[in-house]
Amino acid sequence: MHDTPDSAASSLRAPAQAGARSTYSRWSQARHRELPAPKLARTIAVATLVYYSGISLLNVLRSGAERSQVLLCLGCVAAVFVFQFLHISPRAQRWSLRRRCATLLAQAVLTYLPFLFFGLNWGSMAGPLAGSMLLLLPGRVAWPSYGVIAGTMLAMTVSAGLDWVTIAYLTTSTMMAGLILYGTARLSDLVAEVQASRAEMARMAVTEERLRFARDLHDLLGYSLSAITLKSELIYRLVHSRPDRAREEIASVLEVSRQALSDVRLVASGYRDMSLAAEAESAAAILSTADIRAETDVSCGRLHPVTDTVLATALREGVTNILRHSKAQTCVISVESDGETVVLRLVNDGVAGQRPDRSPHSGSGLGNLRTRLAAIGGEVEAGVREDGRFHLAARAPAHPAAAAHTPEAGGLGTADTARSAA
């Protein structure tokens, strides 16, 4: 059993996909080892909570409370700490509204009930409750609840007959505690989201490179392997009847195979630089070998490197489809340029078996061409004309400077930049 060009490209694509997945896996593991930012942000949030819990405990100790009161205070602080720790965890954002309200109610009871025993020495624990309200409730409810807690602290300090400095201090410290706990908890969540987004971007970059590799294999090797197959069949027929002609074709096969090897190396390195004029000359020779009369008119002059490469790729794909899927006897290849747009046209009379691929997400063939042309602002049209001939038209901008280095346009390397500047 002989491998077809598509199966050969698929067999080469599989190791590339496995290598890309392995590279991404190693990169992802390394990034997680190097960037402990989510854990650090969570640690800061917990440290802030410990600080405000410690203030209440120290206030009670300073007031000369008895041992039983100190133990009661310690138990209340621990209970509030547990609820607050649960509220700043990422899992709390996925709780149902009923569960959120139940835990907030429990924290509210543990926050205001100890005021009966410790008075304003317990005042710093109102701040964590305000932070929990901001974290777990919808915005239209959270901020009014935050304001109610601040107002409650203001009313309690005023009713206690404190001076205005102490009133302002206790009220603003409660408000700031809520904002600080809310901010540190949200910061840790945002850091985790950023880390996840960076990992996703890395995965997408690896996937894009894998798709580029697969497109290049299809577009380059599909043409070369089709030509090798066609010439080998011709050599098989000529080897006994016309050995001299067979030797000429063997030399041609060797040249095509060397070019295919060179193309594989270019794909692996990400560097591509193709000439439309050279491809047209090669296509005419290949079509002639298949007993297809080819007429070429490629007199558009020097093209931008990106346009040259993309249209050369389009020509390769068109000729490959003719060789594989049609029964053409004539093929006309022409290139026109009006200064702003360059148009490549292939017209042949072998309609049977040729079907334009209209999917923009196709993994090969015309889908690849649409992706490449769209990356530089061009387009592809394919179909059967009124005269019964199949046509392929690839339009590309003459100066695609904005898309000169996109992977979809062919993976151009630094040599293209130098030639463009020249």
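Conventions and cut-offs
Residues numbered from 1 in each chain as written. Predicted model: local features only at pLDDT ≥ 70, side-chain atom pairs only at ≥ 80, totals over all residues. Heavy atoms only, no water. Salt bridge = Lys/Arg side-chain N within 4 Å of Asp/Glu carboxyl O. Buried < 20%, exposed > 50% of the residue type's maximum accessible area, 1.4 Å probe, protein only. Pairing = 2+ DSSP bridges. Helix = DSSP H or I, 4+ residues; strand = E, 2+ residues; numbered from the N terminus. Axes fitted to C-alpha atoms, helices over the stretch in contact; angles between N-to-C directions. Contact = heavy atoms within 4.5 Å. Phe/Tyr/Trp six-rings, centres within 6.5 Å; stacked < 30°, edge-to-face > 60°. Core = buried A, V, L, I, M, F, W, Y, C linked by side-chain atoms within 4.5 Å. Expected span 1.5 Å × (residues − 1). Parallel < 35°, antiparallel > 145°, perpendicular 65-115°, else oblique. Left-handed = near helix turned anticlockwise from the far one by under 90°. Nonpolar A, V, L, I, M, F, W, Y, C, P; charged D, E, K, R; others polar.

(A) Expanded view of the pattern of salt bridges. One pass over the structure, following the stated rule, counts nine salt bridges. Linking Arg293 and Glu295 is a salt bridge whose minimum nitrogen-to-oxygen distance equals 2.7 Å. Overall, the relative accessible area of 49% leaves Arg293 in the partly exposed class. Through salt bridges that share partners, Lys231, Arg245 and Glu249 make up one connected network.

(B) Highlighting the sheet that holds strand S3 (residues 341-348). Read from one edge of the open sheet, five strands run S1-S2-S3-S5-S4, paired in mixed fashion. Two strands close off the open sheet at either side, each with one partner strand: strand S1 (293-298) and strand S4 (379-384). Across the sheet, the mean angle separating the axes of adjacent strands is 10° when strand polarity is ignored. Pairing analysis gives seven bridges linking strand S2 (residues 330-337) to S3, with the strands arranged antiparallel. For Val332, the partnering residue across the bridge sits in S3 and is Val347. Packing against the sheet, helix H10 (residues 276-289) makes contact with S1, S2 and S3, and its axis sits at approximately 170° to S1. Relative to the sheet, helix H12 (residues 366-375) contacts S4 and strand S5 (390-397), its axis offset from that of S4 by approximately 150°.

(C) Representation of the pairing of S3 within the structure. The element S3 is largely enclosed, with a buried count of six among its eight residues. Between S2 and the antiparallel strand that follows it, S3, lie three residues; Gly339 among them carries a positive phi value of about 95°. In the sheet, S3 pairs with S5 via eight bridges, with the strands oriented antiparallel. Paired with Val342 across the strands is Ala396, a residue of S5.

(D) Broad picture of the packing of aromatic side chains. Under the criterion given, the structure shown has seven aromatic pairs. Ring geometry for Phe117 and Phe118: centres 6.3 Å apart, planes at 55°, overall tilted. An aromatic cluster of at least three residues, connected via ring pairs, comprises Phe117, Phe118 and Trp122.

(E) Region of interest: the side chain of Thr48. Summarising the element assignment, Thr48 is placed in helix H2 (residues 37-62). Once residues lying within four places of it in the same chain are set aside, the contact partners of Thr48 are Ile180, Leu181 and Thr184.

(F) Representation of the nonpolar core. With 42 residues, the main nonpolar core has Leu315, Ile333, Leu344 and Leu346 as its most contacted residues. Counting residues per element, this core draws most heavily on helix H11 (residues 305-325), at seven residues. Excluding residues that lie within four positions of it along the chain, Ile333 makes contacts with Ala283, Leu287, Glu295, Thr296, Asp297, Leu315, Leu344, Arg345 and Leu346. Listed in part, the 28 residues of the second largest apolar core include Met133, Leu134, Leu136 and Ala185.

(G) Inspection of the pairing of S5 at higher detail. Burial within S5 is extensive, with six of its eight residues counted as buried. For S4 and S5, the ladder comprises six bridges, and the chain directions are antiparallel. Within S5, the position partnered with Glu381 by the bridge is Ala393.

(H) A look at H11. Its 21 residues give H11 an end-to-end C-alpha distance of 30 Å, which sits within 8% of 30 Å, the value for a rise of 1.5 Å per residue. In terms of residue burial, H11 counts as a mostly covered element, since 18 of its 21 residues are buried.

(I) Just the environment of Gly147, in detail. For Gly147, the location among the structural elements is in helix H7 (residues 139-159). Classification of Gly147 by relative accessible area gives partly exposed; the value is 38%. Along the sequence, Gly147 and Met175 sit 28 residues apart, while their C-alpha atoms lie 8.4 Å from each other.

(J) Representation of the packing of H11 against H12 in the model. With their axes 10 Å apart at the nearest point, H11 and H12 run at an angle of 170° to one another. Relative to H12, the element H11 lies roughly antiparallel. As H11 packs across H12, the resulting crossing turns out to be left-handed. Where H11 abuts H12, its residues Val310, Thr313, Ala314, Glu317 and Asn321 lie against Leu366, Leu369, Arg372 and Leu373. Classifying every residue of the contact of H11 with H12 gives five nonpolar, two polar and two charged.

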